[in-house]
Amino acid sequence: MLNKGLEKKITRSRHFPWKFTLFYFAISLLWISTSDFILNLMLDDPDHLTFFQTIKGYLFIIITSALFYFYLKRENSQTITFYNEIKENEEERHLSNEVFARIPQGLVIADAKGRILKVNESFARMTGFKQEELIGKRYYRVKHVQQTDVPFREIARTVIRKGKWQGEIVTLNKEGIETPEYLTVHQIQNQEGEVLYYFGIFMDLTELKEKEKALFETKDQLHSIVEHSPLAIVVCNRNGYVQFYNQKAEQILHYSKEQAIGRKIKEVIPGVDQELRQHSEDPYQLYKGFRCELDTHIPDGEKRILEMSFSPLHKQNGELNGIQMIFSDITEHYQAQRHIEYLRKFDLNTGLYNYDIFHEEVRDYLERYPEESCAFLFIDLDRFQLINDKYGIYFGDQVVREVAQRLKQSLDKRGIVGRLKGDEFAVFLQNVKDEKNVQNMAREIFDQFTEPFMIKNQPIHLTISMGISVYPHDGQELEELEKNANLAVTRAKKERNAFRFFDDSMNEDVDQFDFEYELHQAIREEELMVYYQPQIKLDTGELWGVEALLRWKHPEKGFVSPEIFIPIAEETGLIVPLTNFVLKKVCEDILYWKEHHMDIPSISINLSAKQFFHENLVKEFTDILKEYQVSNDRIHIEITESVAMDIGQSMEKLKQLQELGFKISIDDFGTGYSSLKYLKELPIDYIKIDRTFISQIEEDASMVDAILHLASLCQLEAVGEGIETESQKEYLKHAGCSIGQGYYFSKPVPRDEINKEIMNHTDA
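Small disclaimer: the values here were computed from a predicted structure and weren't measured.

Visitor: Just give me the short version of helix H27 (residues 726–735), but keep the residues and values in it.
Guide: For H27, the full list of buried residues reads Gln728, Lys729 and Leu732. When H27 is viewed along its axis, its buried side chains cluster within an angular range of 100° and face the same direction. For H27, the secondary structure elements touched by its buried residues are helix H25 (691–695), helix H26 (702–713) and strand S26 (717–720). Remark: Gly736 follows H27 within two positions and exhibits a positive phi of approximately 110°.

Below, the structure is given as structure tokens:
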């Protein structure tokens, strides 16, 4: 569309021919009439008149030529300018058309009656029609507006009244697909205010709406996560006023969200501003995060310990916007730690130092004051087991508590007192002058036991035995002092209600005593443990059972071989409590496996001859199993050939055990004086082929074959011990041995690893 200046120039060019002709006619007429009149007045001579007429003609040509030149030059210049302006206008028009066509928003121009004059490609794509299909059609017949609250007629009326309308709409394209769009409609009027055109801009909001939806969902999820976080979250602005406060913060601080938001953070979390000042001069101009533990209190004054993490929040330009605090209430955890620390140091029943801390304190004192003379007093209550048996262990605990109180009263901070275990106590006297001084202290302790103990209105007369060793005469190290004091108390207990100093005569049979003492200590210190070696069904690979094996992990010597400590335990009589310990541990582990949904069909326990012939064996075993509610048939008892061959003593007990449901097997079969007679007569269920015969299968399998044949004749199942190779396993399986055990399947492992070992074998 041309501007008014160009229209005027076109009009002037259109009128130029007749204007030029009229101009030429006027000049010619004026020149001829005027020049002839002047010459006629001035000249009478015809010759002169003819001459001047000729001159006049030349002048006319020269003057009109000059006039025509300047006039045509001016017109030509205007024409060039006109065409340049047209060219520029065309370029602008081309540029406008390019912009119109390429703009990503949908553009449409309609006349005053709503007929579409021009659309761009984006608008055509939005509607689903081609551009040429849209030109000339009325807009409302092409684009269907789906908006009930603002119908198209209302949009048109608003545009007529105000000259503009804009807002969100939902449109349908040619295929009927809905699209959210933002529409802007403008009127284009002339100078007289007459509407010439309507100009519409359509912006596709699909991507924006999807982003808004995703942003809303993300924001909602984050809000939910933060609001219901197991950690308390509080945000304050740079001036220290609370802006955000989640549910966990309400639970910990006992301020509701309504009470907290808008208040100073130091009012909501007392003491937090002092913590912030330690990390920044201005507590609310924090530049980096930090962590701390804060002692604070809630509105009722109750103390709280909070584990807090502080981090700054920034605006987009990097300016500090606020502080975020994430924290949890560790009050109970802190109290529990203090309680655990107390339990780590003190005996729960008596309040005295426990075994470990007592030894740490004494050892530390000896290191700090190596020149001082000190004494170690080992105290044991006489006949305390009778009190437990008669009145019960809870009554006994109260007795132990009263003993501890009397020990502390007699010493009055003159020594270190500890409870070692059960009814055993220890006193370490510091900086003693001489043996007489120690005797006086010992007598003061004994004096505390002259009066009876009143426990639940029951008078209890209690005596003690005491063994004493003196540093440095009786030992340079704590362990040596304790060992010698223990030797002395053993001598004192023979007399009861007495104390004895250590002397060299107590070192008789010290090696045996050392080992016996260390075995006692091993039980107390949980150095003894039960390992299990799986027993596998050779035909299916399923678990048949496990054999319980006692292990001793010495703190200095490492694992001590059973071949070393079992004989000593038998000689000293410790084998009976050790075997009972194994059975109790097995019962505990059976309950553990049950809780973890592990089915261990049977557990084999080895009995020595001394344990087997112990008169209370059957009662002790059944009592332990009843205590743990473990069925007798879960336990397999393994005895040696020497026990089995003593038919006179073993027959009755074996029958009794078998009738109670226990399974019986002979261990290391073939290494003793095997007899078909006792195999037929004795109530046994299995025989275990000794590992020495298994190891020789590749060279000579005759012994294995003979034993398996013997087991078959006696209708007994056989267990192969010490299987270490695939060939050994395969030979035994095909030779009729039903159960295998050995390192090929698994080494002996602790309780917690037995399931892994079984699974590894099953996978194999």
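Visitor: Please provide a residue-by-residue account of H26, values included.
Guide: With 12 residues, H26 extends 16 Å from end C-alpha to end C-alpha; this agrees with the ideal 16 Å at 1.5 Å per step. Within the sequence span of H26, burial applies to Val704, Ile707, Leu708, Leu710 and Ala711. One side of H26 carries all its buried residues, which in axial view fall inside an arc of 160°. Following H26 by one or two positions, Gln715 has its phi on the positive side, about 55°.

Visitor: Go over the side chain of Asn349, please, and point to the residues and values.
Guide: Locating Asn349 in the fold gives a position in the loop between helix H11 (331–345) and helix H12 (355–368). On the accessibility criterion, Asn349 (15% relative accessible area) is buried. A distance of 3.1 Å separates a polar atom in the side chain of Asn349 from the backbone oxygen of Asp397. A distance of 2.4 Å separates a polar atom in the side chain of Asn349 from a polar atom in the side chain of Arg401. Leaving out residues up to four positions away in the same chain, Asn349 has contacts with Asp397, Val400, Arg401 and Arg419.

Visitor: Please set out the pairing of strand S20 (residues 543–554) residue by residue, giving values where relevant.
Guide: Counted residue by residue, S20 has 10 buried out of 12 residues, so it is predominantly covered. Summarising the sheet, strand S19 (residues 528–537) and S20 pair through 9 bridges and their orientation is antiparallel. Bridging from a neighbouring strand, Ile536 pairs with Leu543 of S20. From the end of S19 to the start of S20, which pair antiparallel, there are 5 residues, and Gly541 there has a positive phi angle of about 80°. Pairing between S20 and strand S22 (residues 603–606): 2 bridges, direction parallel. Looking at S22, one finds that Val546 is bridged to Ile603. Examined bridge by bridge, S20 and strand S21 (residues 558–560) share 3 bridges and lie antiparallel to one another. Of the residues in S21, the one forming a bridge with Lys553 is Phe559.

Visitor: If you had to explain the packing of aromatic side chains to someone new, which residues and values would you point to?
Guide: Evaluation of the coordinates by the stated rule reveals 16 aromatic pairs. With centroids separated by 5.7 Å and ring planes inclined at 85°, the aromatic side chains of Trp552 and Phe565 adopt a geometry described as edge-to-face. Residue Trp552 is located in strand S20, and its partner Phe565 is located in helix H18 (residues 562–572); the two are separated by 13 residues in the primary sequence. Classification of Trp552 by relative accessible area gives buried; the value is 0%. One aromatic cluster is present, built from ring pairs that chain together Tyr365, Tyr369 and Phe428. In this structure, Arg406 is placed above the aromatic ring of Phe453, and the distance from its NZ or CZ to the ring centre is 3.6 Å. In this structure, Arg751 packs its charged tip against the face of Tyr592, placed 3.7 Å from the ring centre.

Visitor: Give me the sheet that holds strand S7 (residues 232–237): which residues, what numbers.
Guide: Spatially, the 5 strands line up as an open sheet ordered S8-S7-S11-S10-S9, and their pairing is antiparallel. Looking at which strands have only one partner, the edges of the open sheet turn out to be strand S8 (242–245) and strand S9 (290–297). Here the strands of the sheet are splayed against their neighbours by 30° on average, with no regard to which way each runs. Summarising the sheet, S7 and S8 pair through 3 bridges and their orientation is antiparallel. Opposite Val235, over in S8, you have Phe244 as the bridge partner.

Rules used throughout
- Residues numbered from 1 in each chain as written.
- Predicted model: local features only at pLDDT ≥ 70, side-chain atom pairs only at ≥ 80, totals over all residues.
- Heavy atoms only, no water.
- Buried < 20%, exposed > 50% of the residue type's maximum accessible area, 1.4 Å probe, protein only.
- Helix = DSSP H or I, 4+ residues; strand = E, 2+ residues; numbered from the N terminus.
- Arc of directions from axis to C-beta.
- Contact = heavy atoms within 4.5 Å.
- Expected span 1.5 Å × (residues − 1).
- Polar contact = N/O pair within 3.5 Å; in protein donor to acceptor, adjacent residues only side chain to side chain.
- Pairing = 2+ DSSP bridges.
- Phe/Tyr/Trp six-rings, centres within 6.5 Å; stacked < 30°, edge-to-face > 60°.
- Lys NZ or Arg CZ within 6 Å of the ring centre and 35° of its normal.
- Axes fitted to C-alpha atoms, helices over the stretch in contact; angles between N-to-C directions.

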